[in-house]
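# Close look at the chain arrangement
Below are the chains, spelled out letter by letter.
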Number of protein chains: 2
Amino acid sequence: MDDQTNHASASPGKRMLSEQVYAHLRDAIMRGDHAPGDALKPQDLAREQGVSLAVVREALVRVVGEGLADRLPNRGFAVPAYSDRRWQEIAEARRTLEPAMLRMSVERGDVDWEARVRAAHHRLSRTPAYVPEEGEHYSGAWAEAHRVFHRTLLEGCGNLVLLETFDRMWTASELARRWSAHRNPGRDGVLEHRRLEEAALARDADTAAEVLTQHLTQTAAGLTGDPHPEPAAAPSPAPAPAPQPDSA
Amino acid sequence: MDDQTNHASASPGKRMLSEQVYAHLRDAIMRGDHAPGDALKPQDLAREQGVSLAVVREALVRVVGEGLADRLPNRGFAVPAYSDRRWQEIAEARRTLEPAMLRMSVERGDVDWEARVRAAHHRLSRTPAYVPEEGEHYSGAWAEAHRVFHRTLLEGCGNLVLLETFDRMWTASELARRWSAHRNPGRDGVLEHRRLEEAALARDADTAAEVLTQHLTQTAAGLTGDPHPEPAAAPSPAPAPAPQPDSA
DNA sequence: ATCGGATGAATAATCGATTATTAGTGTTAT
DNA sequence: ATAACACTAATAATCGATTATTCATCCGAT
């Protein structure tokens, strides 16, 4: 989670307080530290992180721009309430966009892309989806490997605008998933990912797109249902043996 | 530009300074008041509009989030430099997304949608693309009618996430167009729009999608080329008799 | 008892001023 | 003449404090 510790000279987002606060806030929301509907009070956040209101405010505005928070004029900021309707729309948007992007990738990807797909799939397949500490949810490492795999598959398309759109939708998906009752016990995400990799590297655009569509459809179906009642960051003991995460 | 004059109780963005400043800044960039590469200095903007740095800063952050400005850490904000590559990517992204959305619209749109499509097309067809005052560029009223027509066509899909994506890409397109040498003298945008309306209302998804794809492809082709050298808001006398704008 | 308006605490929004970083300019040593 | 360094002006980033708005509570009239 806190990965800003030792970056020698890496990212362009260097030492700007607002950048760190933004990243922290974003991660906190994605991790579920704040429940949907919860107010994000600038003063509290500022005190917690020992910074002024201005930087928190800037971070909040950015987060709102990404759809990770709502802003109510003169009423402050809040984590968006879970909306089944919105989740289904996100899923549909992904089904509209990603198969088309995957086709482009398969048609255009070069050898470097192939290599990166292999690497990403390997890493994903070797990362445990669940670890004892992190409660009922899949591990942060797995979530990241999962994201990188899906993104790498699409990166062959070479279109940064489309990839930005993918990033945005992925983020929205992950947040929705975090607050959904996930219920896809028999789902075999590992197999689906392997089939995706194979079709992509075989340059079989039709199959790849079809598999991805199925993948996304299953995920959407799995997440349909009630916004669950879990209070907030309460690691209740897993009621059922942890299945594969519903993995798109 | 100032369209916040007489909204009885319409928009949620009520009286918040940052909102007004944001809208103003956004419009200014879209109108071309600031040339690509120009620095957007918070102090100047604050002085011009008689507000504090904080609100200008907030507006700038939002504008950056929309892709209408770049941020260089510790170096301030700037209007993004024109990039032919990026423009082509935007055009491709629109070709990827919009025909698919139009299909959904045609399949799902109800009578209300049909009525709004007719209304939007009527308004577009009756709005002059050029007016003497506004130099070589199409009028603000036409640009808005044009946007509303295209958006209305897609609104039948009923997917807010996809429509948000459309809005984002449309904005990027308009900015790119503003700073491109537009060169499509013989283009008949009026005809293309009428064909779009007809196919949509006839519920002919294939034809509608095809026409839209052509529309977008022609626009992209028309805008390919050099980032032109016009200094900044310098209304040079139109060198050629104004043709239809390259209209997607 | 209930509705409506006054009162005050909480906090969102904005401001004016301070600190930190950058870019430019001039100077000096090689 | 040039390259490295010091100094300075401009401005980006941040802070602490002020003003404006909302929400809850309390009181009094019907």
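Procedures and definitions
Each chain has its residues counted from 1, running along the sequence as written. Here every chain gets a letter starting at A, and every ligand a number starting at 1, in the order they are written. Since the coordinates come from a predicted model, pLDDT governs what is reported: local features require at least 70, and pairs of side-chain atoms require 80 or more to be given and counted, while whole-chain, interface and lining totals use all residues. Remark: hydrogens and water are excluded; side-chain values derive from all non-hydrogen atoms of the structure. In this text, near means that some heavy atom of the residue lies within 4 Å of the molecule or strand in question. Here a polar contact is taken to be a pair of N or O atoms separated by no more than 3.5 Å, where protein atoms must pair a possible hydrogen donor with a possible acceptor and residues adjacent in sequence count only if both atoms sit in side chains. Runs of H or I in DSSP of at least four residues are treated as helices and runs of E of at least two as strands, each being numbered from the N terminus. Residues were grouped as follows: Ala, Val, Leu, Ile, Met, Phe, Trp, Tyr, Cys and Pro as nonpolar; Asp, Glu, Lys and Arg as charged; and all remaining residues, including Gly, as polar. We count a salt bridge whenever a side-chain nitrogen from Lys or Arg sits within 4 Å of a carboxyl oxygen from Asp or Glu. Throughout this description, buried means an accessible area under 20% of the type-specific maximum (1.4 Å probe, protein chains only), exposed means over 50%, and partly exposed covers the range between. Only residues with pLDDT of at least 70 in both copies count here: their C-alpha atoms drive the least-squares fit that superposes the copies. Between two residues, a contact is recorded if the distance between any of their heavy atoms is within 4.5 Å. Put simply, buried Ala, Val, Leu, Ile, Met, Phe, Trp, Tyr and Cys residues joined by side-chain atoms within 4.5 Å make one nonpolar core. Strands were regarded as paired on the criterion that DSSP finds at least two bridges between them.

Moving on, we get to the protein's contact with DNA strand D. Near DNA strand D lie 19 residues; those nearest to it are L17, S52 and R75 of chain A together with P42 and R57 of chain B. Per the 4 Å cut-off to the protein, sugar and phosphate atoms form 84% of the nearby atoms of DNA strand D. Side-chain polar atom of K41 of chain B to a phosphate oxygen of DNA strand D: 2.9 Å apart, as the coordinates give it. Every element with two or more residues in the surface near DNA strand D is listed here: helix 1 (17-31) and helix 3 (53-65) of chain A together with helix 2 (42-49) and strand 3 (76-78) of chain B. With three residues, helix 3 of chain A is the single largest residue contributor to the surface near DNA strand D. A breakdown of the residues in the surface near DNA strand D according to their chemical character gives eight nonpolar, six polar and five charged.

A separate point is the pattern of salt bridges. Within this structure, the stated rule accounts for 38 salt bridges over all chains. Among the ionic pairs, R86 of chain A bridges to E164 of chain B, the shortest N-O distance being 3.5 Å. Taken together, the residues span two chains, with R86 of chain A in helix 4 (residues 84-108) and E164 of chain B in helix 7 (residues 160-178). When its relative accessible area of 33% is taken as the criterion, R86 of chain A is described as partly exposed. Of the charged contacts, one joins D112 of chain A and R116 of chain A as a salt bridge, the two residues approaching to 3.0 Å between their closest N and O atoms. Within this pair, D112 of chain A and its partner R116 of chain A are both found in helix 5 (residues 111-126), separated by four residues, close to a single helical turn. For D112 of chain A, a relative accessible area of 46% puts it in the partly exposed group. Overall, R116 of chain A belongs to the partly exposed group, its relative accessible area being 32%.

A few words on the relation of the copies chain A and chain B. Between chain A and chain B, which share one sequence, the superposing operator has a rotation angle of 180 degrees and an axial displacement of 0.0 Å; the RMSD is 0.1 Å. These values place the two chain copies in the arrangement generated by a two-fold rotation axis. A share of 100% of interface residues in chain A that are also interface residues in chain B marks the association as one of identical surfaces.

We now examine the nonpolar core. The biggest cluster of nonpolar side chains holds 70 residues, and the ones touching the most others in it are M101 and L102 of chain A together with M101 and L102 of chain B. Dropping the residues within four chain positions of it, L102 of chain A is found in contact with L153, L154, L196, A208, A209 and L212 of chain A.

The next thing to look at is the sheet that holds strand 2 (residues 70-72) of chain B. All names here are of chain B. On the basis of which strands lie adjacent, the open sheet formed by three strands has the order 1-3-2 and antiparallel pairing. Here the strands that pair on one side only, and so sit at the sheet edges, are strand 1 (39-40) and strand 2. Here strand 2 runs beside strand 3; their pairing, made up of three bridges, is antiparallel. Across the sheet, residue L72 finds its bridge partner in strand 3, namely G76.

This is a description of form; function is not addressed.
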